[in-house]
Amino acid sequence: TTLTANIAGFEFDDILLNAAGVYCMTTEELDQVLTAPGAGSLVTKSATPSFRAGNPAPRFTKMPLGSINSMGLPNNGLDYYLDYVITKQAVKPLFLSIAGLTKTDNLAMLHQIQASNFNGLVELNLSCPNVPGKPQTAYDFDATRAILTEVFQFYTKPLGVKLPPYFDIVHFDMVAAVLNDFPLAFVNTINSIGNALAIDPETDSVMIAPKGGFGGIGGEIVKPTALANVRALRLRLNPAIKIIGTGGVQTGRDVYEHILCGADLVSVGTNLAFEGPAIFDRLKTELLAEMAKKGYRSLADFRGNLQTL
Ligand SMILES: C=Cc1c(C(=O)O)[nH]c(=O)[nH]c1=O
């Protein structure tokens, strides 16, 4: 049985990786994902041009059925992550995530990456929900079209976008109409469901400090929304635009469902944070068992084959 995927000519011989933000802040964390059995790649914490401390703690908390976070884009700056992926890119195809606070920052970082020795894949994060005063770009379809237009005037290396969840069929149509106009290598869907609220039953208090407790949620609770976004975009996007499915993965069956909806790679956030990199080998084992039960020998046997009634 083979678990392979191909994005922009890169062959992945395992299809699991971390979700940006989890196990990817430091080179030590990144090395744990790089060497984890079952993980076929990794993505760095979304980078800004320079170091950011991020929001005050507590800013990432476990809650029933998942997690809530308002990290506020803490990161060690683009150079730190660019150096890491350049050093390690011979090992396996790697993703470098960027999340500039302005279009200018994003374009400047992409110019630097274009001129660098990094030949892997860039994930342009258009969906960070936790920078006070900054909207999630990908909820503004004109702004999304505008930045991608400028990016593809000079950026020639493989690039994809990290999308927020959409909750309206017409929004699926609208974002796909924008994305299909660009030579994207992939989309990664979903980012956390933004600006939710969780309450601590002991203290009757919110669970995280920033933004009065409002934060993005992930984990088991978001799986139905994640699967819907993978499915909706797979049905609408050019086949050349591959999909990384993210959201609600905690078992091999969850990985299987993301693939059934059309995902090529599957990334794990909340449950990786809780369980650690050993989760990748467990998920791979469980996925292989699920495939064996169904008689499938490769992901191509069932990718996108969700049945409708
Ligand atoms: C890059 C910022 C993000 C953050 C963050 O750093 O607060 N949290 C998320 O759930 N998604 C993000 O995209």
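Bear in mind the structure is a predicted one, so any value in this text is a computation, not a measurement. (Residues numbered from 1 in each chain as written. Predicted model: local features only at pLDDT ≥ 70, side-chain atom pairs only at ≥ 80, totals over all residues. Heavy atoms only, no water.)

Colleague: I keep staring at the packing of aromatic side chains and nothing clicks. Help me out?
Modeller: Any pair of aromatic rings gets described here by the distance separating the centres and the angle formed by the planes. Applying the stated criterion across every chain, the model contains 10 aromatic pairs. Between Tyr 296 and Phe 302, the ring centres sit 5.0 Å apart and the planes meet at 15°, which makes this aromatic pair stacked. Residue classification places Tyr 296 among the partly exposed residues on the basis of a relative accessible area of 25%. Phe 302 sits in the buried class, given a relative accessible area of 0%. Three or more aromatic residues link up through ring pairs in this structure, and these residues are Phe 12, Phe 95 and Phe 186. For the cation-ring pair, Lys 62 lies above Phe 274, with the distance from its terminal atom to the ring centre recorded as 3.7 Å. (Phe/Tyr/Trp six-rings, centres within 6.5 Å; stacked < 30°, edge-to-face > 60°. Buried < 20%, exposed > 50% of the residue type's maximum accessible area, 1.4 Å probe, protein only. Lys NZ or Arg CZ within 6 Å of the ring centre and 35° of its normal.)

Colleague: Help me understand the site of the ligand, please; the structure alone is not making it clear to me.
Modeller: Asn 69, Leu 73, Cys 128, Asn 191 and Ser 192 are the nearest of the 14 residues found near the ligand. Ser 192 places a polar side-chain atom, nitrogen or oxygen, 2.8 Å from an oxygen atom of the ligand. When isolated, the ligand has an accessible area of 330 Å², and the protein chains bury 92% of it. Taken atom by atom, the bulk of the ligand overlaps the largest pocket. Residue composition of the shell around the ligand, by class: five nonpolar, eight polar and one charged. (Near = heavy atom within 4 Å. Polar contact = N/O pair within 3.5 Å; in protein donor to acceptor, adjacent residues only side chain to side chain. Areas by Shrake-Rupley, 256 points an atom, 1.4 Å probe, with all protein chains shown as cover. 1 Å grid on protein atoms, 1.4 Å probe; cavity = no way out; pocket = protein on both sides within 12 Å on 5 of 7 lines; lining within 4 Å. Sits in = over half its atoms within 2 Å of the grid points. Nonpolar A, V, L, I, M, F, W, Y, C, P; charged D, E, K, R; others polar.)

Colleague: So what exactly am I meant to see when it comes to the confidence of the model for the chain here?
Modeller: Atomic detail in the predicted coordinates should be set aside for any region of low pLDDT. Counting all residues, the mean pLDDT for the chain is 97, and 100% of those residues have values of 70 or more. Under the prediction, the complex receives an ipTM of 0.99, its pTM being 0.98. (pLDDT = per-residue confidence, 0-100.)

Colleague: Where do I start with the sheet that holds strand E3 (residues 16-18) in this structure?
Modeller: Hydrogen bonding along the main chain pairs the strands of a sheet, whether they run parallel or antiparallel. An order of E3-E15-E14-E9-E8-E7-E6 is seen for the seven strands of this open sheet, with the pairing classed as parallel. Either end of the sheet is taken by a strand with one partner, and the two such strands are E3 and strand E6 (95-98). Ignoring which end each strand starts from, the neighbouring axes of this sheet average 25° apart. In the packing of helix H3 (residues 103-114) onto the sheet, contacts are made with E6, strand E7 (121-125) and strand E8 (159-163), and the angle to E6 comes to roughly 155°. Against the sheet, helix H6 (residues 223-236) touches E8, strand E9 (186-189) and strand E14 (242-246), its axis set at about 175° to E14. (Pairing = 2+ DSSP bridges. Helix = DSSP H or I, 4+ residues; strand = E, 2+ residues; numbered from the N terminus. Axes fitted to C-alpha atoms, helices over the stretch in contact; angles between N-to-C directions. Contact = heavy atoms within 4.5 Å.)

Colleague: Got a minute to help me understand helix H5 (residues 169-179) in this structure?
Modeller: Structural remark: α-helix, 3.6 residues per turn; residues separated by three or four positions point the same way. Turning to H5, its buried residues number three or more, namely Phe 172, Val 175, Ala 176, Val 178 and Leu 179. End-on, the buried residues of H5 take up no more than an arc of 155°, which puts them together on one face. Elements in contact with the buried residues of H5: helix H4 (141-151), E8, E9 and H6. Capping the start of H5, Asp 168 holds a side-chain oxygen 2.8 Å from the backbone nitrogen of Val 170, two or three residues further along. (Arc of directions from axis to C-beta.)

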